Amino acid sequence: MKITKIIENIFKKYIPSPFTIAVLLTFLTLILALLFTKPETTNTVAYFFDILGFWEKGLWSNNLLVFAYQMMLILVLGHVLVLSKPMSNLIAKLTQYCTNTANSAFIVSAATMLVSFFNWGLGLIFGALLARRVAEDAQQKGFDLNYPLIGAAGYVGLMVWHGGISGSAPIKINEEGHLRSMVNPENLHLTKIPEVISYNQTVFSWWNLLLFFVVILSVASVFYFIGKKVKPTTFNLEIYQLETEDEVNTKAEKLDNSKLLGIVFGVIILIAFGFRYFSDIKSLKITPNLINLFMLGLAIILHGNFKQFTKAIGVAISDVSGILIQFPLYFGIMGIMNSTGMVTLVSDFFVSISTETTLPIFTFFSAGLVNIFVPSGGGQWIVQGPIVLQSALELGVPLPKAIMALAYGDQITNMLQPFWALPLLGITKLKAKEILPYTLIAMLVGSVIYILGLIIL
């Protein structure tokens, strides 16, 4: 498709790396703050150093650095879970039902979106491995397959993740004090912001679950009918190995490979999890610490020993390099915007062009645009969240609806932005231009559903 080639060329020629974009956004924020927020009585040079102070304060915000580490663990532990033998067996069972391009596209896309609803790191790698396994099975059994369509089906979980259990915005607003930390303490709206917004108002609300299932059914069905029409492709893949067994010689190695020790420690973690978070689960107060503690215990149990668990950690750790170095820059941007009053200026602009009905739509489209330049839901929430909160309060838009509008917009353009597709492309050996025609179709289908949902529901 010509349009996908144009988009691919634009990304290659004009969109630099996410870290470079974060640096450029930092420069832009510094300049805009200097131009539009400088008090008349303050010297320009002095105010510039004040802005640098705001930036440095945001850069090393303790609460936000904890947030970055929480997001890194969600991604790494989700990846680690997929690399366990039980998950490999589950993928193998699903593959048995994939006998042609059409039903494979339906199964892979639906399964990937369901898994991504629970954890986006889990869904990202699960979808990649499932797509790869289907292609390997097609080779062995000799049936025709359009591999790029199946690869795209393995990536569509990234268009539902932010409205799911591990979504950055919904999960953080469930933590006590986080919402208020996103707004300048001098802002009068602070008294209107609740301490937390629980999952029964966002992720587990009837309207979000309805939209989620409509998106799954629609995208999977569209992929099924595309699979009926597309031509098969040629590919040659080696069998992808998830685990390797090492020879055990020393007593120390026996401890590393001890199933008893690994399972006992994993069970202890899950007991601690139940003791600490049982009441929170009953009230749907799902937090990053809750999810990460559960995944940690479960991952150790599923891998069976510390050796296999730490091996999987080594494989998964490369996923978080972008979060590790980019998040502090986004925190610095937030520090400037909050302390200089830029958040109020931007939110006032959105209020001036919006109504209670149109603000969620503007939020959806602006979040989709911002995601192209800030391909991290957590980073985007830090930068755009304060603006969304203040605009919603000004216009009387329910905060859960405004926040989920941001989440929907952020996740949908992942089908256009290839940043998070890199792990999938590495596993499947496909190229971005091969899956892009199909992910764009998924993006259009999802956009229509989310926009109608924000208007009607």
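The structure this text deals with has already been given above.
Each chain carries its own residue numbering, running from 1 in the direction its sequence is written. In view of the model being predicted, local features appear only for residues whose pLDDT reaches at least 70, and side-chain atom pairs are presented and counted only at 80 or more, with totals across whole chains, interfaces and linings using the full set of residues. Side-chain measures here rest on the full set of heavy atoms in the structure, leaving out hydrogens and waters.

**Section: the side chain of serine 391**
The topology assignment puts serine 391 in helix H19 (residues 377-395). Here, two residues are considered to be in contact whenever any of their heavy atoms come within 4.5 Å of each other. Beyond its immediate stretch of four places on either side in the chain, serine 391 contacts Ser347, Phe350, Val351 and Leu359. Only DSSP runs of H or I covering at least 4 residues are called helices, and only runs of E covering at least 2 are called strands; the numbering of each starts at the N terminus.

**Details of unusual backbone geometry**
Non-glycine residue leucine 284 carries a positive phi angle of around 60°. For the exposure calls, accessible area comes from a 1.4 Å probe over protein chains only, and a residue counts as buried if that area is under 20% of its type's maximum, exposed if over 50%, partly exposed in between. Overall, the relative accessible area of 25% leaves leucine 284 in the partly exposed class. Look at lysine 429: it is not a glycine, yet its phi comes out positive at around 65°. Tracing the backbone through its elements, the reader meets lysine 429 in the loop between helix H21 (422-428) and helix H22 (432-456).

**Overview of the packing of aromatic side chains**
Two rings from Phe, Tyr or Trp (for Trp, the six-membered ring) form a pair when their centres sit within 6.5 Å of each other. Planes less than 30 degrees apart are called stacked, planes more than 60 degrees apart edge-to-face, and all others tilted. What the rule picks out here adds up to 18 aromatic pairs. Ring centres of phenylalanine 106 and tyrosine 224 lie 6.5 Å apart, and the angle between their planes is 90°; on these two criteria the pair is classed as edge-to-face. Residue phenylalanine 106 is found in helix H6 (residues 101-118), and its partner tyrosine 224 is found in helix H11 (residues 206-229); the two are separated by 118 residues along the sequence. Residue phenylalanine 106 is classed as partly exposed on the basis of its relative accessible area, which comes to 33%. Judged by centre distance (5.8 Å) and plane angle (70°), the rings of phenylalanine 349 and phenylalanine 350 are edge-to-face. When its relative accessible area of 46% is taken as the criterion, phenylalanine 349 is described as partly exposed. Residue classification places phenylalanine 350 among the buried positions, given a relative accessible area of 18%. One aromatic cluster in this structure is built from Phe67, Phe327, Tyr330 and Phe331.

**Regarding helix H13 (residues 259-282)**
The span expected for a helix works out to 1.5 Å for each residue beyond the first. Taking 1.5 Å of rise per residue, 24 residues should cover 34 Å, and H13 covers 32 Å from first to last C-alpha, within 8% of that figure. For a residue, the bend is simply the angle between two axes, fitted respectively to the seven-residue segment ending there and the seven-residue segment starting there. The largest bend along H13 measures about 50° and falls at arginine 276. Close packing links the buried residues of H13 with helix H14 (288-303) and helix H15 (306-316). The N-terminus of H13 is capped by serine 258, whose side-chain oxygen sits 3.5 Å from the backbone nitrogen of leucine 260. Residues adjacent in sequence count toward polar contacts only when both atoms are side-chain atoms; beyond that, a polar contact is any pair of N or O atoms within 3.5 Å, and within protein one must be able to donate a hydrogen and the other to accept it.

**A closer look at the pattern of salt bridges**
Any Lys or Arg side-chain nitrogen found within 4 Å of a carboxyl oxygen on Asp or Glu counts as a salt bridge. Summed over all chains, the structure comprises five salt bridges. Arginine 132 is paired through a salt bridge with glutamate 136; the nearest N and O atoms lie 3.0 Å apart. With arginine 132 and glutamate 136 both in helix H7 (residues 120-141) and four residues apart, this pair spans about one turn of that helix. Exposure remark for glutamate 136: the relative accessible area of 4% places this residue in the buried category. Lysine 141 is the salt-bridge partner of aspartate 137, the closest N and O atoms lying 3.1 Å from each other. Residue aspartate 137 and its partner lysine 141 are located together in helix H7, separated by four residues, close to a single helical turn. We classify lysine 141 as exposed; its relative accessible area is 53%.

**What to know about a nonpolar patch on the surface**
A patch is a set of surface residues, each over 30% in relative accessible area and not in a salt bridge, joined within 9 Å for like charges and within 5 Å for the nonpolar side chains Val, Leu, Ile, Met, Phe, Trp and Tyr. Residue burial considers only the protein chains on display, and all accessible areas are found by Shrake-Rupley using a 1.4 Å probe. Residues Trp206, Leu210, Val214, Val448, Leu452, Ile455, Ile456 and Leu457 make up a contiguous nonpolar surface patch of roughly 770 Å² in combined accessible area. If you list the elements that add at least two residues to the nonpolar patch, you get H11 and H22. Examining the composition of the nonpolar patch, we find that four residues originate from one element, H22, more than from any other. Secondary-structure assignment places leucine 457 in the segment after H22.

**Topic: the packing of H6 against H11**
Following both chains from N to C, one finds H6 and H11 inclined at 160°, their axes separated by 7 Å at the closest point. When the axes of H6 and H11 are compared, the pair comes out roughly antiparallel. Every pair of crossing elements has a handedness; the one defined by H6 and H11 is right-handed. Together, Thr101, Ala102, Asn103, Ala105, Phe106, Ser109, Ala110, Met113, Leu114 and Phe117 of H6 and Asn208, Leu209, Phe212, Val215, Ile216, Val219, Ala220, Ser221, Phe223, Tyr224, Gly227 and Lys228 of H11 make up the contact between the two elements. Among the residues making up the contact of H6 with H11, the classes are represented as 15 nonpolar, six polar and one charged. Axes here refer to lines fitted to C-alpha atoms; in helices the fit is confined to the stretch in contact. Angles between the N-to-C directions go from 0 to 180 degrees. Oblique is the label for any angle not under 35 degrees, not over 145, and not in the 65 to 115 range, which are roughly parallel, roughly antiparallel and roughly perpendicular in turn. Note on convention: near helix rotated counterclockwise from far helix by under a right angle means a left-handed crossing. Clockwise means right-handed. Side-chain classes follow a simple rule in which Ala, Val, Leu, Ile, Met, Phe, Trp, Tyr, Cys and Pro form the nonpolar group, Asp, Glu, Lys and Arg form the charged group, and the remainder, Gly included, forms the polar group.

**Observations concerning the packing of helix H18 (residues 359-373) against helix H20 (residues 399-412)**
In the contact formed by H18 and H20, the axes pass within 7 Å of each other and the chain directions differ by 35°. In this structure, the crossing between H18 and H20 has a hand that is right-handed. Across from Pro360, Thr363, Phe364, Ala367, Gly368 and Asn371 in H18, the residues of H20 making contact are Lys401, Ala402, Ala405, Leu406, Tyr408, Gly409, Asp410 and Ile412. For the contact of H18 with H20, the per-class residue count stands at eight nonpolar, four polar and two charged.

**A closer look at H18**
Taking 1.5 Å per residue as the helical rise, H18 with its 15 residues ought to reach 21 Å, and the 21 Å between its terminal C-alpha atoms agrees with that figure. When we look at burial in H18, the residues that qualify are Leu359, Pro360, Ile361, Thr363, Phe364, Ser366, Ala367, Gly368, Asn371 and Ile372.

**Looking at the environment of cysteine 98**
With respect to the secondary-structure elements, cysteine 98 resides in the loop between helix H5 (85-95) and H6. Residue cysteine 98 is classed as buried on the basis of its relative accessible area, which comes to 1%. Sequence separation between cysteine 98 and lysine 192 is 94 residues, and the spatial gap between their C-alpha atoms is 52 Å. When neighbours within four sequence positions are excluded, cysteine 98 is seen to be in contact with Asn103, Ser104, Ile107, Val134, Asp137 and Phe143.

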